[in-house]
Amino acid sequence: MAAVAERVFSGVQPTGNLHLGNYLGAIKRFVELQERFDCIYCVVDLHAITVWQEPEELKRHTREVTAAFIACGIDPKKHIVFNQSQVSGHAELAWIFNCVARMGWLNRMTQFKEKAGKDRENVSVGLFAYPDLMAADILLYRATHVPVGEDQKQHLELTRDIAQKFNTDFGPSLSGLGFGEGYFPLTEPVIAGPATRVMSLRDGSKKMSKSDASDFSRINLTDDAEAIAGKVRRAKTDPEPLPSEEAGLKERPEADNLVGIYAALLDGTKQSVLDQFGGGQFSTFKGALVDLAVEKLSPIAGEMKRLMADVSAIDAILADGADRARVIADKTIADVKDIVGMVRR
Ligand code: AQP
């Protein structure tokens, strides 16, 4: 395969309040990767509308995710921050990938099964085809690394399958056009750290999610100290003291979740947290967790509030990012049209 420059791409849906899971599983990693890679971070509004969004809420959430990116430390001047609908290449490439991916592949996607539930006949076609659009988001920029939470692992595997099939199906066309043996890279997921799947504070078997009906299930990035304290104190636990060894967290999902959150906020490991709190009661540990969460999250909430007070500045960042993203995307779309055999002027 022709050498492809290393590049990071990832996205977040503007579907509601960003929470600690989005932060620890994804956005915190986005910030770290800026040091080593060229990064493109996208507010994926086309993904959001696979389920119903009130138009005014969609606009507000799009700006809020942008504000969160910046408040967490993403630099929109050095890297690219934009919203997906402003670069038409995402939808164009997604259509081509709809014709590359197989129904059987999409039928196996667990996120679709979870989100569609028993109401499969009534969900949008977009919700089913969501992973093809996600593959298009990533491969439009020929991204080599994608930081995501654990829940997106299967979609990343599908992205690799689509890239591989495209490279194989169009192999002769690729070599004829001088692209070597492959056009799209086989992208690597970046899923790392002690909190790649943060669970609901009310139910250790469910992922922390924006769309959970209970606000007590998650810590929002905009929560103030009082709200964080209330949610952590009410978080479900079990009656045993914390174990001293990590192996003791097995079969104790709520304890495992809170210890993982503490470790991730501190950039430590679960074992280092247990070295400090093992053998103690949850009440002591929860008090320390509240202090740590408030210390780490309050500055983000404050900065988001400040940024949201100037919507035109946020819109200018998104417009500038879209202009820069489009330059890369247009080149890929032109190449892909040549490879597939579409006549261009
Ligand atoms: N609970 C989580 N733990 C760790 N990482 C998580 N992510 C989401 N939830 C957790 C990661 O956050 C990034 C952005 O996710 P998204 O907004 O695009 O979609 P999602 O995964 O569907 O997130 P939600 O909160 O559950 O949203 P809704 O309720 O709208 O479906 C991704 O990298 C994701 O892995």
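Everything numeric here is computed off the predicted structure, so don't read it as measured data. (Residues numbered from 1 in each chain as written. Predicted model: local features only at pLDDT ≥ 70, side-chain atom pairs only at ≥ 80, totals over all residues. Heavy atoms only, no water.)

K.L.:
Give me the lowdown on the overall build of the protein, citing residues and values where you can.
P.N.:
Tallying secondary structure elements over the protein gives 14 helices and five strands in all. Expressed along its principal axes, the backbone C-alpha trace of the protein runs to roughly 70 × 45 × 45 Å. Residues classed as buried in the protein amount to 52% of the 345 residues present. The long-range fraction of contacts in the protein, counting pairs at least 24 apart against all pairs at least 6 apart in sequence, stands at 76%. In the structure as shown, the protein presents an accessible area of about 15900 Å², 52% of it carried by carbon and sulfur atoms. (Helix = DSSP H or I, 4+ residues; strand = E, 2+ residues; numbered from the N terminus. Buried < 20%, exposed > 50% of the residue type's maximum accessible area, 1.4 Å probe, protein only. Contact = heavy atoms within 4.5 Å. Areas by Shrake-Rupley, 256 points an atom, 1.4 Å probe, with all protein chains shown as cover.)

K.L.:
Can you break down the side chain of Lys 286 residue by residue, with the values?
P.N.:
Note that Lys 286 resides in helix H13 (residues 282-308). The charged side chain of Lys 286 is buried without a salt bridge, its nearest counter-charge being Asp 238 at 9.9 Å. Every residue in contact with Lys 286, bar those within four places of it in the chain, is listed here: Val 232, Arg 233, Arg 234, Ala 235, Thr 237 and Leu 258. (Lys, Arg positive; Asp, Glu negative; His and termini not counted. Salt bridge = Lys/Arg side-chain N within 4 Å of Asp/Glu carboxyl O.)

K.L.:
Outline the packing of helix H7 (residues 125-139) against helix H8 (residues 153-169), supporting the account with residue identities and numerical values.
P.N.:
Relative to each other, H7 and H8 sit at 70°, their axes nearing to 9 Å. One way to sum up the angle between H7 and H8 is to call them roughly perpendicular. For the element pair H7 and H8, the recorded crossing hand is right-handed. Two secondary-structure elements touch here, H7 through Tyr 130, Pro 131, Asp 132, Met 134, Ala 135, Ile 138 and Leu 139 and H8 through His 155, Leu 156, Leu 158, Thr 159, Ile 162 and Ala 163. Here the residues of the contact of H7 with H8 sort into 10 nonpolar, two polar and one charged. (Axes fitted to C-alpha atoms, helices over the stretch in contact; angles between N-to-C directions. Parallel < 35°, antiparallel > 145°, perpendicular 65-115°, else oblique. Left-handed = near helix turned anticlockwise from the far one by under 90°. Nonpolar A, V, L, I, M, F, W, Y, C, P; charged D, E, K, R; others polar.)

K.L.:
Any chance you could break down the packing of aromatic side chains for me, citing the residues and the numbers?
P.N.:
This structure, assessed with the given rule, holds 15 aromatic pairs. Arranged with centres 5.1 Å apart and planes meeting at 80°, the rings of Phe 112 and Phe 128 form a pair that is edge-to-face. Of this pair, Phe 112 sits in helix H6 (residues 110-116) while Phe 128 sits in helix H7, and the two are 16 residues apart along the sequence. For Phe 112, a relative accessible area of 8% gives the class buried. Assessed through its relative accessible area of 16%, Phe 128 is described here as buried. Directly above the ring of Tyr 183 sits Arg 142, whose terminal nitrogen or CZ lies 3.8 Å from the centroid. (Phe/Tyr/Trp six-rings, centres within 6.5 Å; stacked < 30°, edge-to-face > 60°. Lys NZ or Arg CZ within 6 Å of the ring centre and 35° of its normal.)

K.L.:
Outline the site of the ligand, listing residues and values.
P.N.:
Among the 22 residues in the neighbourhood of the ligand, the closest are listed as Lys 115, Asp 151, Ser 209, Lys 210 and Ser 211. The contact in question runs from an oxygen atom of the ligand to an N or O atom on the side chain of Gln 13, over 3.2 Å. Interatomic distance of 2.9 Å between a backbone N/O atom of Met 208 and a nitrogen atom of the ligand. Protein coverage of the free-state accessible area of the ligand, which is 640 Å², stands at 96%. (Near = heavy atom within 4 Å. Polar contact = N/O pair within 3.5 Å; in protein donor to acceptor, adjacent residues only side chain to side chain.)

K.L.:
Could you give an account of the domain arrangement of the protein, with specific residues and numbers?
P.N.:
Domain boundaries assigned for the protein yield domain 1 (7-190 + 310-340) and domain 2 (215-306). Relative to domain 2, the C-alpha centre of domain 1 lies at a distance of 30 Å. For the pair domain 1 and domain 2, the two sides together bury roughly 1200 Å², of which 73% comes from carbon and sulfur. Three residues stand out in domain 1 for area buried against domain 2, namely Leu 20, Leu 24 and Ala 71, and they jointly supply 38% of the buried area on that side. Seen at the junction of domain 1 and domain 2, the total is one salt bridge. The closest approach of N and O atoms between Lys 28 and Asp 267, which form a salt bridge, is 2.4 Å. When residues of the side of domain 1 that touches domain 2 are traced back to their parent elements, those giving at least two are helix H1 (20-33) and helix H3 (55-72). Considering only residue class, the side of domain 1 that touches domain 2 consists of eight nonpolar, two polar and four charged. (Domains from an automatic or database assignment. Buried area = accessible area lost by both parts, 1.4 Å probe.)

K.L.:
If you had to explain the pairing of strand S2 (residues 38-43) to someone new, which residues and values would you point to?
P.N.:
Summarising burial for S2: five of the six residues are buried, a large majority. Bridge count between strand S1 (residues 7-12) and S2: six bridges; the pairing is parallel. Following the sheet pairing, Gly 11 is matched in S2 by Cys 42. Remark: the S1/H1/S2 crossover connection has right-handed handedness. The pairing of S2 with strand S3 (residues 80-83) spans four bridges and is classified as parallel. Within S3, the residue paired with Val 43 across the bridge is Asn 83. (Pairing = 2+ DSSP bridges. Right-handed = clockwise from strand over helix to strand, strands pointing away.)

K.L.:
Explain the environment of Glu 188 residue by residue, including any values.
P.N.:
Mapped onto the fold, Glu 188 is located in strand S5 (residues 188-190). By relative accessible area, Glu 188 is classed as partly exposed at 40%. Distance from Glu 188 to Gly 171, taken between C-alpha atoms, is 22 Å for residues 17 residues apart in sequence. Every residue in contact with Glu 188, bar those within four places of it in the chain, is listed here: Thr 144, His 145, Val 146 and Arg 160.

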